[in-house]
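Structural description and commentary
Listed here are the chains, written in short residue letters.
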Amino acid sequence: MRTPASRARTRTAAFGVGAALLLGGLAAPAAHADADRHKATTLDSLAQRTGRYFGSAVDNPELDDTAYADLLGSEFGATTPGNGMKWYATEPRRGVFDFTAGDEIVAYAKAHHLKVRGHTLLWHSQLPSWLTDGTWTADELRSILKNHITTEVKHYKGKVFAWDVANEIMNEDGTYRENIFYKTLGPGYIADALRWAHAADPKVKLYLNDYNVEGIGAKSDAYYTLIKQLKADRVPIDGFGMQAHLALQYGFPYQMQQNIQRFADLGLDVALTELDIRMILPADDAKLAQQADWYGRATSACLAVRRCVGITVWGYSDRHSWIPSVFPSEGAALPWDENLQHKPAYDAIAGALAAAESSATGH
């Protein structure tokens, strides 16, 4: 995910009353309230009826926004740390690990009965300066990478259900991105990373993850070829993550459902991992209607393929979207507005989920 770095901070009172309820004598009412949370219709409750999850990413500072954090905990069934598990946050100095930010989100998720997707073990961006400024032999860098992956995966063993092991490793034309790992180790670093992650936690699902791979084209073809070879070589890989950062001005991705299906046919789980649909501002009724249509289409494309296991929006509200800071003239990308009110996109997602349930049950 192409987000600006925002170093997560430690907060001793992140959960406030919620933590007291979980740890103190009022645990039973809190647990009862949480058990009832999906009796109301939510996106995740609808998704669960189709055998999927519906999640939202969150970054640590957003947990201080009580209304936002409460809605995250009640509407969704899974979350992904936006930044707190990335290399710059987890190994700020060589061999010195700091899991404070990731642990905070895992604790929040546990308190709200959310599953956690780990993101991400290996990426060309948001690396600590000690790593990018260093001059490493292949043996040195391989040791550093193995230690980082092994230590982080072991730390979160049993606490995350999936890892984005390698993130954004391809260029748009289907060639390998020449990141520090590729330039020093060659393309074999990808298989090594998957093997090390599997050795550290044999039960966690291992994904490759990227953007602009939702349709059929050079980039998704490159991943298809790579994953087919990894499978042939018996490298442990369980899933392919399609980020699905879409933009109205660029058109809906061609053959999305067919593309999801072909990766599923390799024996993979597929997930939409970072879904948002931005537009050139200002928003208007026509753009919001088009956005809603696209959210519905993306949801339906996933639901049409049995092994598309879930959808995660990259933050659920325009209040905390990453997009305006990266694309200053764009935004309004998420199903909730800045006031945490539903937009037409929410109804389109809910409608697609409900339609899939009705189709599956014959009602």
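Refer to the preceding data block for the structure.
To start, this report covers the structure provided alongside it. (Residues numbered from 1 in each chain as written. Predicted model: local features only at pLDDT ≥ 70, side-chain atom pairs only at ≥ 80, totals over all residues. Heavy atoms only, no water.)

We now examine the packing of helix α12 (residues 256-264) against helix α13 (residues 285-303). At a minimum axis distance of 9 Å, the contact between α12 and α13 shows a crossing angle of 30 degrees. One element, α12, and the other, α13, form an angle in the roughly parallel class. In terms of crossing hand, the pair formed by α12 and α13 is right-handed. On α13, the residues touching Met256, Gln257 and Ile260 of α12 are Ala298, Ala301 and Cys302. (Axes fitted to C-alpha atoms, helices over the stretch in contact; angles between N-to-C directions. Helix = DSSP H or I, 4+ residues; strand = E, 2+ residues; numbered from the N terminus. Parallel < 35°, antiparallel > 145°, perpendicular 65-115°, else oblique. Left-handed = near helix turned anticlockwise from the far one by under 90°. Contact = heavy atoms within 4.5 Å.)

Time to look at the side chain of Asp59. Within the fold, Asp59 resides in the loop between β1 (53-58) and α4 (66-75). At 7.7 Å, Lys86 is the nearest oppositely charged side chain to Asp59, a buried residue that forms no salt bridge. One polar contact links Asp59 to Asn83, side chain to side chain, over a distance of 2.9 Å. (Buried < 20%, exposed > 50% of the residue type's maximum accessible area, 1.4 Å probe, protein only. Lys, Arg positive; Asp, Glu negative; His and termini not counted. Salt bridge = Lys/Arg side-chain N within 4 Å of Asp/Glu carboxyl O. Polar contact = N/O pair within 3.5 Å; in protein donor to acceptor, adjacent residues only side chain to side chain.)

What follows is about the environment of Leu208. Inspection of the secondary structure assignment puts Leu208 in strand β5 (residues 205-210). Separated by 14 residues in sequence, Leu208 and Leu194 place their C-alpha atoms 9.1 Å apart. Every residue in contact with Leu208, bar those within four places of it in the chain, is listed here: Ala166, Ile169, Ile190, Leu194, Tyr223, Leu226, Ile227, Leu230, Ile237, Gly239, Phe240 and Gly241.

Now for the pairing of strand β4 (residues 162-167). By the criterion of burial, β4 is predominantly enclosed, with six of the six residues buried. For strand β3 (residues 115-122) and β4, the ladder comprises four bridges, and the chain directions are parallel. The residue bridging Gly118 from the neighbouring strand is Trp163, located in β4. (Pairing = 2+ DSSP bridges.)

Counting residues in each nonpolar core, the largest one holds 104 residues, and the members touching the most others are Leu131, Trp163, Phe181 and Leu208. Among the elements that line this core, the one with the most residues is helix α10 (residues 189-200), at eight residues. Beyond its immediate stretch of four places on either side in the chain, Leu131 contacts Trp87, Trp136, Leu141, Ile144, Ile180 and Phe181. Judged by nonpolar contacts, the second largest core, of six residues, contains Tyr53, Ala78, Tyr207 and Val309. (Core = buried A, V, L, I, M, F, W, Y, C linked by side-chain atoms within 4.5 Å.)

At the junction of His119 and Thr120, the peptide bond is cis and its omega measures out at -5 degrees in the coordinates. Structurally, Thr120 is set in strand β3. That bond from Leu281 to Pro282 is cis: its omega, 5 degrees, falls within 30 degrees of zero. With respect to the helices and strands, the residue Pro282 is situated in the loop between β8 (269-280) and α13. Notably, Leu340 is not glycine yet its phi reads approximately 65 degrees, a positive angle. Checked against the element boundaries, Leu340 lands in the loop between β10 (330-331) and α15 (344-361).

Shape is all these values report; function is a separate question.
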